[in-house]
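Read off the chains here:
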Amino acid sequence: MGKRLRQQVLHQVFISEVDRLRRMLIGLGIQMEQGEDLLHDVYLEALKHPPEDRGTAQLARWFMRATFNRAQLEFRRKQVHQRGVQALDPSVKVVPSDPGHLAGQAEEAAILQNCLDQMEPDTRGPLVLRHCCDLNANEIGEILNLKPGTVRKRLCVARARLARLLLEQGIKS
């Protein structure tokens, strides 16, 4: 496949997946402006260093995985920054941005995002990919390099943990 045609295919796949990628980022608690920058970076990376020749379904999963990995990197950077700020002045409480406002929802969305933020990345990731991006265990496994059975187990653990956290916040199903 020629370089120009390859870029067109990458562009078409990215455009077809961009809404799903945005939902994933919002579900992970990434601010809208930061999410757009992150998506832009992923797209440019794909153009500079195109993934192997793959079909459109595999390219879509590649974009999901690359975006998910970039979001995880941003979380690590944010945690390092927060630890640095708190090390300088322990009385400073670093408050995460209001995801309820970012998602255009009310207080319950902020509580849900707060609960998701408290979850471990190993369980939060599959939960967000499943419920924000409508992916099944096989697709999530391909994105996260996990077996489908492991994904299902992590989803079960994540749902139970999320339910406990929501109950602690006074939200019942």
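Above this text is the structure in question.
Rules behind the numbers
- Residues numbered from 1 in each chain as written.
- Predicted model: local features only at pLDDT ≥ 70, side-chain atom pairs only at ≥ 80, totals over all residues.
- Heavy atoms only, no water.
- Helix = DSSP H or I, 4+ residues; strand = E, 2+ residues; numbered from the N terminus.
- Contact = heavy atoms within 4.5 Å.
- Areas by Shrake-Rupley, 256 points an atom, 1.4 Å probe, with all protein chains shown as cover.
- Core = buried A, V, L, I, M, F, W, Y, C linked by side-chain atoms within 4.5 Å.
- Buried < 20%, exposed > 50% of the residue type's maximum accessible area, 1.4 Å probe, protein only.
- Arc of directions from axis to C-beta.
- Polar contact = N/O pair within 3.5 Å; in protein donor to acceptor, adjacent residues only side chain to side chain.
- Axes fitted to C-alpha atoms, helices over the stretch in contact; angles between N-to-C directions.
- Parallel < 35°, antiparallel > 145°, perpendicular 65-115°, else oblique.
- Left-handed = near helix turned anticlockwise from the far one by under 90°.
- Nonpolar A, V, L, I, M, F, W, Y, C, P; charged D, E, K, R; others polar.
- Lys, Arg positive; Asp, Glu negative; His and termini not counted.
- Salt bridge = Lys/Arg side-chain N within 4 Å of Asp/Glu carboxyl O.
- Expected span 1.5 Å × (residues − 1).

## Some remarks on the overall build of the protein chain
Piece 1. Helix and strand content of the protein chain: 8 helices and 0 strands.
Piece 2. Taking as baseline every contact in the protein chain between residues at least 6 positions apart, the subset at least 24 positions apart corresponds to 71%.
Piece 3. When the accessible surface of the protein chain is summed, it comes to about 10500 Å², and 52% of that surface belongs to carbon and sulfur atoms.

## Looking at the nonpolar core
Piece 1. In this structure, Met24, Leu28, Phe63, Met64 and Leu129 are the most contacted members of the largest nonpolar core, which totals 43 residues.
Piece 2. The set of elements that each furnish at least two residues to this core consists of α1 (3–27), α2 (32–48), α3 (56–88), α5 (107–118), α6 (121–133), α7 (137–144) and α8 (148–168).
Piece 3. Ranked by residues supplied to this core, first place goes to α3 with 9 residues.
Piece 4. Once residues lying within four places of it in the same chain are set aside, the contact partners of Leu129 are Met24, Met64, Phe68, Asp134, Leu135, Ile140, Ile143 and Leu144.

## A word on α7
Piece 1. Residues of α7 that are buried include every one of Ala137, Ile140, Gly141, Ile143 and Leu144, and no others. End-on, the buried residues of α7 take up no more than an arc of 165°, which puts them together on one face.
Piece 2. Backbone nitrogen of Asn138 and a side-chain oxygen of the N-cap are separated by 3.0 Å at the start of α7; the cap is Asn136.
Piece 3. Following α7 by one or two positions, Asn145 adopts a phi angle in the positive range, close to 60°.

## Topic: the packing of α6 against α7
Piece 1. At their nearest, the axes of α6 and α7 sit 10 Å apart, and the two run at 135° to each other. By the angle class used here, α6 and α7 are oblique. Crossing handedness for the pair α6 and α7: right-handed. Here Pro126, Leu129 and Arg130 of α6 lie close against α7, whose contacting residues are Ile140, Ile143 and Leu144.
Piece 2. Along the lines of polarity and charge, the residues of the contact of α6 with α7 split into 5 nonpolar, no polar and 1 charged.

## Section: the environment of Asp41
Piece 1. Within the secondary structure, Asp41 sits in helix α2.
Piece 2. When its relative accessible area of 31% is taken as the criterion, Asp41 is described as partly exposed.
Piece 3. Considered as a pair, Asp41 and Thr67 are 26 residues apart in the sequence and their alpha carbons are 9.0 Å apart.

## Quick word on the side chain of Arg124
Piece 1. Along the chain, the position of Arg124 falls in helix α6.
Piece 2. Buried within the structure, Arg124 lacks any salt-bridge partner; its nearest side chain of opposite charge belongs to Asp117, at an N-O separation of 4.8 Å.

## Notes on α8
Piece 1. Counted at 1.5 Å a residue, the expected span for α8 with its 21 residues is 30 Å, and the 30 Å between its end C-alpha atoms agrees.
Piece 2. Inspection of α8 places Val151, Leu155, Ala158, Leu162, Leu165 and Leu166 among the buried residues, and these make up the whole buried set. Projected down its long axis, α8 carries its buried residues within an arc of 100°, all on one side. Of the exposed residues in α8, the ones pointing more than 90 degrees away from its buried face are Lys153, Cys156, Leu167 and Glu168.

## Notes on the pattern of salt bridges
A side chain of one charge can pair with a side chain of the opposite charge if their charged atoms are brought near each other.
Piece 1. Scanning the entire structure with this criterion turns up 5 salt bridges.
Piece 2. Taking the shortest distance from any N to any O, the salt bridge between Arg22 and Glu36 comes out at 2.6 Å. Of this pair, Arg22 sits in helix α1 while Glu36 is found in helix α2, placing the two residues 14 residues apart along the sequence.
Piece 3. A relative accessible area of 29% means that Arg22 is categorised as partly exposed.

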